[in-house]
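# Understanding the architecture of this molecule
Residue strings, one per chain:
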Amino acid sequence: MDITFLGTGNAQATACYNTCFLIRDDARRLLVDAGGGNTILNRLAQAGEDWRDVRDIIVTHKHIDHLLGVVWLMRMICQGAQRGTYEGEARLYAHDEVIGLLDQMAHALLGEKAASQLGRALHLVTVADGETRGIIGHDVTSFDIRSTKAKQFGFSLDLGAGRRLTCCGDEPYNECERAYAEGAAWLLHEAFCLHSQADIFRPYEKSHSTVKDACELAERLGVENLVLYHTEDKTIERRRELYTEEGSAYFHGNLFVPDDLETLEL
């Protein structure tokens, strides 16, 4: 089982794609968010993936850097099914507000013939806070991160043997997430910038964390592996080096600062 980061940047990044990732378990694929445009199709191809094989998609919230790439996948699936070039079914999981918005966008933007494939080729599945569903052969529990901006859900994926992967979305940790994040084998957490550059990038004004913040959190929660993403891109050439140097002073587990298209074994 592994995870490929199709994008690692924040909403306005141009030197890397917006944060989204693909979890693979044998032949099964779970895409989490899709970035801000049709670059998602290119990133999947660059990762050696056929978009047709992505049968499960989680959308965390409605911000355009996470949502608009999903609309392109909806178009490909629905039009492909309509034209007979897409076989089988796919499922998209999100909270009620995102599901309602995507349903509206499909009918407004894709045309009625393609949109008629909703509920046939593509199922829009509403998930509730604390609800567990079987996705790609694993129990996946959704949880409301209590965002101060758009309603947002994270999730915890059961890896087996008492291990779990927890995605906290793209905002700072909220204590309501403790049951899912504490002791996680893998914690995926945003880190907008270095703490030493907080005066430049002003992460707190944007409801984001610094590298130091995320690493102190992971240390406190007893996390085994910490992945930092949803970052600024001004330091992209040295991002891994700089973030690792700052973060290692506060977190003593395994710290990962992936580049776009990098794969980690889970």
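Residues numbered from 1 in each chain as written. Predicted model: local features only at pLDDT ≥ 70, side-chain atom pairs only at ≥ 80, totals over all residues. Heavy atoms only, no water.

What follows deals with the overall build of the protein. A tally of helices and strands in the protein yields 8 helices and 14 strands. Compactness check: the protein gives a C-alpha radius of gyration of 18 Å against a globular reference of 18 Å for 266 residues, within 12% of the reference. With the principal axes as the frame, the protein shows a C-alpha extent of 55 × 40 × 35 Å. Per-residue burial over the protein gives 56% buried out of 266 residues. (Helix = DSSP H or I, 4+ residues; strand = E, 2+ residues; numbered from the N terminus. Rg over C-alpha atoms; globule rule 2.2 N^0.38 Å. Buried < 20%, exposed > 50% of the residue type's maximum accessible area, 1.4 Å probe, protein only.)

Once that is clear, we can look at helix α1 (residues 39-46). Note that an α-helix has 3.6 residues per turn; residues three or four places apart therefore point the same way. Where α1 is concerned, the buried positions are Ile40, Arg43 and Leu44. When α1 is viewed along its axis, its buried side chains cluster within an angular range of 100 degrees and face the same direction. Where the residues of α1 are buried, they touch β1 (2-7), β2 (20-25), β3 (28-32) and α2 (64-83). (Arc of directions from axis to C-beta. Contact = heavy atoms within 4.5 Å.)

Once that is clear, we can look at the pairing of β3. With 4 of 5 residues buried, β3 lies mostly within the body of the structure. Taken together, the 5 bridges between β2 and β3 define a ladder with antiparallel strand orientation. Of the residues in β3, the one forming a bridge with Leu22 is Leu31. Hairpin connection from β2 to β3: 2 residues lie between these consecutive antiparallel strands, with Asp26 at a positive phi of about 55 degrees. Taken together, the 3 bridges between β3 and strand β4 (residues 56-58) define a ladder with parallel strand orientation. Within β4, the residue paired with Leu30 across the bridge is Asp56. Handedness of the β-α-β unit built from β3, α1 and β4 comes out right-handed. (Pairing = 2+ DSSP bridges. Right-handed = clockwise from strand over helix to strand, strands pointing away.)

A few words on the sheet that holds strand β6 (residues 122-126). Spatially, β6-β5-β4-β3-β2-β1-β14 is the arrangement adopted by the 7 strands of the open sheet, whose pairing is mixed. If you trace the sheet from one side to the other, it starts and ends with β6 and β14 (262-265), each paired once. Across this sheet, the average inter-strand angle for adjacent strands is 20 degrees, counted without regard to direction. As judged from the 5 bridges shared by strand β5 (residues 90-94) and β6, these two strands associate in the parallel manner. Considered in β6, the bridge of Tyr93 is made with Val125. Against the sheet, α1 engages β1, β2 and β3, with an angle of about 140 degrees to β1. (Axes fitted to C-alpha atoms, helices over the stretch in contact; angles between N-to-C directions.)

Moving on to unusual backbone geometry. Despite not being glycine, Ile136 shows a phi value in the positive range, around 45 degrees. Structurally, Ile136 can be placed in the loop between β7 (132-135) and β8 (138-144). A relative accessible area of 5% places Ile136 in the buried class. One non-glycine residue, Ala161, adopts positive backbone phi at about 55 degrees.

Another point: the confidence of the model for the protein. Mean pLDDT over the protein stands at 98; residues scoring 70 or higher make up 100%. Within the protein, helix α4 (residues 112-115) has the poorest average pLDDT of any element, 95, and β4 the best, 99. (pLDDT = per-residue confidence, 0-100.)

Our next topic: the packing of aromatic side chains. Scanning the entire structure with this criterion turns up 5 aromatic pairs. Consider the rings of Phe143 and Tyr180, whose centres lie 4.3 Å apart with planes at 5 degrees: the pair is stacked. Here Phe143 is found in strand β8, whereas its partner Tyr180 is found in helix α5 (residues 178-181), with 37 residues between them in sequence. On the basis of relative accessibility, which here comes to 1%, the residue Phe143 falls in the buried class. By way of ring pairs, the aromatic residues Phe5, Phe21 and Tyr229 are connected into one cluster. (Phe/Tyr/Trp six-rings, centres within 6.5 Å; stacked < 30°, edge-to-face > 60°.)

Below, the discussion takes up the sheet that holds strand β11 (residues 186-190). Taking strand neighbours across the sheet as the criterion, the 7 strands line up as β7-β8-β9-β10-β11-β12-β13 in an open arrangement whose pairing is mixed. Looking at which strands have only one partner, the edges of the open sheet turn out to be β7 and β13 (254-256). In this sheet, neighbouring strand axes are inclined to one another by 20 degrees on average, regardless of whether the strands run parallel or antiparallel.

Within the structure shown, the criterion is met by 18 salt bridges. Measuring nitrogen to oxygen at the nearest pair gives 3.2 Å for the salt bridge that ties Arg52 to Asp50. Note on Arg52: relative accessible area 33%, which makes it partly exposed. It is possible to trace a salt-bridge network through shared partners that takes in Asp2, Arg24, Arg29 and Glu49. (Salt bridge = Lys/Arg side-chain N within 4 Å of Asp/Glu carboxyl O.)

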